[in-house]
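Next come the chains, spelled out residue by residue.
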Amino acid sequence: GSEVLIIQVHMCIREHKLILKVCSTTVLYDCSSVLCPLSRRLQEEEQQLRTSSLPAIPNPFPELCSPASSPVLSPGSLPPGEPSTGKYIVKIFTEDGMGKVVEIPADMTARDLCQLLVYKSHCVDDNSWALVEHHPLLGLERCLEDHELVVQVQASMNSDGRFLFRKNYAKYEFFRNPLAFFPEHMVAWCQDTNRMIPPSQLLQNFLATSSCPEIQGYLYVKEVGRKSWKKVYVFLRRSGLYCSTKGTSKEPRHLQLLADIEDSNIFTVITGKKQHGAPTDYEFCIKPNKCRGELKELRMLCAEDEQGRTCWMTAFRLFKYGIVLYQNYKIPQQRKTLLSHFSAPRSVSENSLVAMDFSGRIGRVIDNPVEAQSAAMEEGHAWRVRHDLSFLFIHIAQLWFHGRITREESHRIIHQQGQVDGLFLLRVSQSNPKAFVLTLCHHQKIKHFQILPCEEDGQVFFSLDDGATKFTDLIQLVEFYQLNRGVLPCKLRHPCTVVAL
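Read on for an overview of the structure. (Residues numbered from 1 in each chain as written. Predicted model: local features only at pLDDT ≥ 70, side-chain atom pairs only at ≥ 80, totals over all residues. Heavy atoms only, no water.)

Summed over all chains, the structure comprises 19 salt bridges. Salt-bridge contacts for Arg253 lead to Glu251; the nearest nitrogen and oxygen are separated by 2.9 Å. Look at Glu251 and you get partly exposed, because its relative accessible area is 37%. Three or more residues joined by partner-sharing salt bridges are found here, namely Glu95, Glu141, Arg166, Glu409 and Arg412. (Salt bridge = Lys/Arg side-chain N within 4 Å of Asp/Glu carboxyl O. Buried < 20%, exposed > 50% of the residue type's maximum accessible area, 1.4 Å probe, protein only.)

Structure representation (structure tokens):
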């Protein structure tokens, strides 16, 4: 039976009658190991019919064999079917609950999927988009690392887990400003408690496997199977997270393993006080990869402040992934393909801009600065006259304007998108409907500045410094404080953005 089968297929291929049909229905394998374009069903029937007493069948296509010196078909020569070579369906959600279904290959990374979503959503690709693993029932979420395979992460998630697509400006901020993420009193060597890591070598010691830095400090630890929390002295090392059973002792006999790093991931707890009775708002969690949603398998931890939580979580990522994180940070972002025209616009220096006068038959450059300023004011006044009062509402279409959201909602958005210096949004004031509020993050603290309207000569202006600096609209105000700090603690650098897929 098997000999006749092989001869018939061989003849069909030679006569070019069925080769296209066979190729279109067969499973595609790696060309280096393909013997002939047979379907999986025919291969299985051939193996079932062949017995050990039959001699090996000469391969009619020896040039297609992977080992050139072995032109003989054997039962184990065909590669086994791998499910990872197909396509997978992944659903991505945004902050407003809307979802989008995408089909991706098994080897697509989180970075590649983010760039695909940026392209499909017509967003600006500024390398700050992230894919977030979100578990609403557990109140947990974490940003996927750029190199993680999305299909593998989805396979480890429980039924209520989902992916969110959002900004995260703080993903690699610790590479740019490590001292802000690792306070000096929390970083030490395992071998010598009193030896501190020099700031210039801080990240090098975290990335180098030969060094042994550690994070140390007090944390609240939720007792397994109970609702109570206990404050203990904790050490985070490459080998795992440990707590001391005797004060701040580092002796091995006093250290108890709390969680493993290699087979776990670290999550932010977004419902800490409400769901778990956490003592502070700065809760995080270490979740084993094998955990399918059981609270008793989670290691719940709580820090004293936001800086402490950020330090513990960032060190966990560095210990787990090491140099891979730095490679993700350094990967060139100049992908000049389909995404090239969505890249961030280049900044234009003010020195390269000149004033032009097109009132005559030909244009001319205005060299006199006084004349240039007068022309700019005249053009601005003419623009306002042409557009009547519509210029007062053009800010509605800006990405940084979030409309009528509460103070608490603005805090949540700032927290989700990274809490880096200069992260900001504008919203309508709750106490004064005619005013606006600038919500700004500085040194991991969120501050609010009220923008009040003021009228002068029948014209409405906006100001956040009691009229000392006035602007005709909110766009002009934002652009000014992106270039000048003024009365703010820092410049406006990163707008909080919510995208619709």
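On we go from here.
Phe182 and Ile215 are the most contacted members of the largest nonpolar core, which has 36 residues in total. When contributions to this core are tallied by element, the ones reaching two or more residues are α6 (173-176), α8 (202-207), β9 (213-222), β10 (229-237), β11 (240-244), β12 (255-259), β14 (283-288) and α10 (306-321). Residues contacting Ile215, with those up to four places away along its chain left out, are Phe182, Met186, Val187, Phe206, Val234, Phe235, Leu236, Cys311, Trp312 and Ala315. (Core = buried A, V, L, I, M, F, W, Y, C linked by side-chain atoms within 4.5 Å. Helix = DSSP H or I, 4+ residues; strand = E, 2+ residues; numbered from the N terminus. Contact = heavy atoms within 4.5 Å.)

What the rule picks out here adds up to 15 aromatic pairs. Taking the centre distance of 4.4 Å and the plane angle of 40° together, the rings of Phe174 and Phe175 count as tilted. Judged by its relative accessible area of 0%, Phe174 is buried. An angle of 65° between the planes, with centres 6.1 Å apart, marks the rings of Phe401 and Phe436 as edge-to-face. With Phe401 in the loop between α12 (369-387) and α13 (407-416) and Phe436 in strand β19 (residues 436-442), this residue pair connects regions lying 35 residues apart in the sequence. By relative accessible area, which is 13% here, Phe401 ends up buried. Put simply, the rings of Tyr172, Phe174, Phe175, Phe181, Tyr326 and Tyr329 touch in pairs and so form one group of aromatic residues. When the ring centre of Tyr218 is taken as origin, the NZ or CZ atom of Lys231, which lies over that ring, is 5.5 Å away. A cation over a ring is seen here: Arg237 above Phe235, with NZ or CZ 5.7 Å from the ring centre. (Phe/Tyr/Trp six-rings, centres within 6.5 Å; stacked < 30°, edge-to-face > 60°. Lys NZ or Arg CZ within 6 Å of the ring centre and 35° of its normal.)

Another point: the sheet that holds strand β20 (residues 445-456). Spatially, the five strands line up as an open sheet ordered β21-β20-β19-β18-β22, and their pairing is mixed. The sheet is open, and its two borders are formed by β21 (459-463) and β22 (494-495), each paired with just one other strand. Relative to β20, β19 is paired through seven bridges, and the arrangement is antiparallel. By the bridge assignment for β20, Cys441 is matched with Ile446. Along the sheet, α13 makes contact with β18 (423-428), β19 and β20, crossing β18 at roughly 155°. In the packing of helix α14 (residues 474-483) onto the sheet, the strands contacted are β18, β19, β20 and β21, and the crossing angle to β18 comes to about 160°. (Pairing = 2+ DSSP bridges. Axes fitted to C-alpha atoms, helices over the stretch in contact; angles between N-to-C directions.)

Right, let's talk about the pairing of strand β6 (residues 140-143) for a bit. Here four bridges tie strand β5 (residues 129-135) to β6, and the two strands are oriented antiparallel to one another. In the sheet register, His134 faces β6, and the bridge partner there is Glu141. Taking the residues that link successive antiparallel strands as the turn, the β5-β6 hairpin has four residues, and the phi of Gly139 there is positive, at about 70°. By the bridge criterion, two bridges tie β6 to strand β13 (residues 264-269) in an arrangement that is antiparallel. Considered in β13, the bridge of Glu141 is made with Thr268.

Quick look at α14 now. Listed as buried for α14 are Leu474, Ile475, Leu477, Val478 and Tyr481. Along the long axis of α14, the arc covered by the buried residues comes to 160°, so they all point the same way. If you follow the buried residues of α14, they end up packed against β18, β19, β20 and β21. One side-chain oxygen of the residue at the start of α14 lies 3.0 Å from the amide nitrogen of Ile475, identifying that residue as Asp473. (Arc of directions from axis to C-beta. Polar contact = N/O pair within 3.5 Å; in protein donor to acceptor, adjacent residues only side chain to side chain.)

This paragraph deals with the packing of α10 against helix α11 (residues 323-330). Orientation of α10 relative to α11, taken along the N-to-C sense of each, is 100°, at an axis distance of 6 Å. Between α10 and α11, the crossing angle belongs to the class labelled roughly perpendicular. Across the interface between the two elements, Arg317, Leu318 and Tyr321 of α10 pack against Ile323, Val324 and Leu325 of α11. A breakdown of the residues in the contact of α10 with α11 according to their chemical character gives five nonpolar, no polar and one charged. (Parallel < 35°, antiparallel > 145°, perpendicular 65-115°, else oblique. Nonpolar A, V, L, I, M, F, W, Y, C, P; charged D, E, K, R; others polar.)

Right, let's get into a nonpolar patch on the surface. A contiguous nonpolar patch, built from Val354, Met356, Phe358 and Val365 and spanning about 400 Å² of accessible area, is present on the exposed surface. Residue placement: Phe358 occurs in the loop between β16 (356-357) and β17 (364-365). (Patch = residues over 30% accessible without salt bridge, like charges linked within 9 Å, V, L, I, M, F, W, Y side chains within 5 Å. Areas by Shrake-Rupley, 256 points an atom, 1.4 Å probe, with all protein chains shown as cover.)

In this section: the state of the cysteines. As enumerated under the stated definition, the model contains zero disulfides in all. In this structure Cys114 is not part of a disulfide, and its nearest cysteine sulfur, from Cys143, lies 8.8 Å away. (Disulfide = S-S within 2.5 Å.)

All right, on to the side chain of Ser244 then. Note that Ser244 resides in strand β11. A distance of 3.3 Å separates a polar side-chain atom of Ser244 from the backbone oxygen of Gly247. A polar atom in the side chain of Ser244 sits 2.9 Å from the backbone oxygen of Ser249.

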